[in-house]
Amino acid sequence: MDAADMDKDLARVLISEDELQAKIKELAARIDEDYAGQDLLIVGVLKGAVMVMADLARALHLPVQMDWMAVSSYGAGTKSSGVVRVLKDLDTDIAGRHVLVVEDIIDSGLTLSWLVHNLKSRNPASVEICAALRKPDAVKVPIDVKYIGFDIPNEFVIGYGLDYAERYRNLPFIGTLAPHVYGEA
Ligand SMILES: O=P(O)(O)OC[C@H]1O[C@H](OP(=O)(O)OP(=O)(O)O)[C@H](O)[C@@H]1O
Ligand code: HPA
Ligand SMILES: [Mg+2]
């Protein structure tokens with residue numbers, strides 16, 4: 001599949017590359033200010049958070065440390081399985097550390113609810129969340145998010161790290177998929 005094929009699979013662009021990049025810079029400025037003088041560990045949740053983590057980290061002026069957890073609950077479909085599988089844990093001991101979890105999306109909230117609970121049991125100094133997107137109409141578990149990029153409608157979205165059956169993560173914007181794509185996975 002080449003770039004032209006990916007474009008053909010799109011229904012519409014919800015958030016452009018420019019809008020995403022401007023929002024990431026805004027969030028980074030707030031994080032720089034809020035954590036000034038503190039030692040911050042940012043934790044990217046693989047795989048979806050890879051783009052927001054890379055852009056956010058480069059927009060920050062703080063000398064942060066970066067670590068990654070890989071968790072998955074969606075598999076190849078468009079619905080959460082409700083079961084969070086840890087595929088890779090942190091390399092870092094977070095006891096006493098300020099932790100900022102970086103995510104691409106809060107959909108049902110199940111992944112972050114589970115993850116924050118898990119991280120808090122390791123006795124960090126603090127745990128906060130930065131997420132690029134949130135679907136207010138889909139949230140099943142309330143999540144306390146400190147930094148949020150965009151609230152979006154309750155539709156399955158792709159791009160900027162978000163996949164459908166592992167594809168479309170490399171689109172630089174957020175879009176929705178054309179109906180003909182579903183059912184082909
Ligand atoms: O709020 P929720 O309903 O839990 O959905 C959000 C989670 O789902 C996606 O991950 P996914 O399981 O697809 O793994 P991936 O990041 O590897 O694509 C996304 O990256 C979030 O981690
Ligand atoms: O809308 C979505 N798109 C892709 N992956 C996701 N994981 C949770 N919600 C979504
Ligand atoms: Mg996924």
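For the protein, an unreviewed UniProt entry supplies the name Hypoxanthine phosphoribosyltransferase and the organism Streptosporangium sandarakinum. UniProt's Sequence similarities (unreviewed entry) comment on the protein is quoted here verbatim: "Belongs to the purine/pyrimidine phosphoribosyltransferase family."

*Asks:* Which parts of the structure should I look at to understand the pairing of strand S5 (residues 98–106)?
*Replies:* Two faces, one strand: in a regular strand the side chains alternate between the faces of the sheet. S5 sits mainly inside the fold: eight of its nine residues count as buried. Here strand S2 (residues 40–46) runs beside S5; their pairing, made up of five bridges, is parallel. The partner of Leu40 across the bridge, within S5, is His98. Bridge count between S5 and strand S6 (residues 126–134): eight bridges; the pairing is parallel. Bridge pairing links Val99 to Val127 in S6. You can see the chain leave S5, run along helix H4 (residues 110–120) and come back into S6, and the turn it takes is right-handed.

*Asks:* Help me out: how do you make sense of the site of ligand 1 in this one?
*Replies:* Around ligand 1 sit 18 residues, and of these Ser73, Tyr74, Glu103, Ser108 and Thr111 come closest. Between an oxygen atom of ligand 1 and a main-chain N or O atom of Lys47, the distance comes to 3.1 Å. Taking Gly109, its main chain carries an N or O atom lying 2.7 Å from an oxygen atom of ligand 1. The cavity that encloses ligand 1 is the largest pocket. Residue assignment for the shell around ligand 1 shows that the elements contributing at least two residues are strand S3 (65–72), S5 and H4. Ranked by the residues each element gives to the shell around ligand 1, the list is headed by S5, at four residues. Across the shell around ligand 1, the residue classes break down as six nonpolar, six polar and six charged.

*Asks:* How should the sheet that holds strand S9 (residues 174–177) be read in this particular structure?
*Replies:* Across a sheet, paired strands are connected by hydrogen bonds in the backbone, their directions being either parallel or antiparallel. The strand order across the open sheet formed by three strands is S1-S9-S8, and the pairing between neighbours is antiparallel. The outermost strands of the open sheet, each flanked by one partner alone, are strand S1 (10–15) and strand S8 (157–158). Relative to S9, S1 runs antiparallel, the two sharing four bridges. Counterpart to Ile15 in the pairing with S9 is Ile174.

*Asks:* Explain the site of ligand 2 to me, please; I cannot follow it from the model alone.
*Replies:* Every residue close to ligand 2 is listed here: Tyr74, Ile105, Asp107, Lys135, Glu155, Phe156, Val157, Leu162 and Asp163. Interatomic distance of 2.7 Å between a side-chain N/O atom of Lys135 and an oxygen atom of ligand 2. Separating a nitrogen atom of ligand 2 from a backbone N or O atom of Val157 is a distance of 2.5 Å. The cavity where ligand 2 resides is the largest pocket. Split into classes, the residues belonging to the shell around ligand 2 amount to five nonpolar, no polar and four charged.

*Asks:* What exactly am I supposed to notice about the packing of aromatic side chains here?
*Replies:* Any two aromatic rings considered together are summarised by their centre-to-centre distance and by the angle between their planes. All chains considered together, the criterion is met by one aromatic pair. Ring plane angle 80° and centroid distance 6.0 Å describe the contact between Phe156 and Tyr164, whose orientation is recorded as edge-to-face. For the residue pair Phe156 and Tyr164, the accessibility class agrees, reading buried in each case. Just above the ring of Phe150 sits the side chain of Lys23; from NZ or CZ to the centre is 5.2 Å.

What counts as what
- Residues numbered from 1 in each chain as written.
- Chains lettered and ligands numbered in written order.
- Predicted model: local features only at pLDDT ≥ 70, side-chain atom pairs only at ≥ 80, totals over all residues.
- Heavy atoms only, no water.
- UniProt positions renumbered as here; feature names shortened; annotations may be inferred.
- Buried < 20%, exposed > 50% of the residue type's maximum accessible area, 1.4 Å probe, protein only.
- Helix = DSSP H or I, 4+ residues; strand = E, 2+ residues; numbered from the N terminus.
- Pairing = 2+ DSSP bridges.
- Right-handed = clockwise from strand over helix to strand, strands pointing away.
- Near = heavy atom within 4 Å.
- Polar contact = N/O pair within 3.5 Å; in protein donor to acceptor, adjacent residues only side chain to side chain.
- 1 Å grid on protein atoms, 1.4 Å probe; cavity = no way out; pocket = protein on both sides within 12 Å on 5 of 7 lines; lining within 4 Å.
- Sits in = over half its atoms within 2 Å of the grid points.
- Nonpolar A, V, L, I, M, F, W, Y, C, P; charged D, E, K, R; others polar.
- Phe/Tyr/Trp six-rings, centres within 6.5 Å; stacked < 30°, edge-to-face > 60°.
- Lys NZ or Arg CZ within 6 Å of the ring centre and 35° of its normal.

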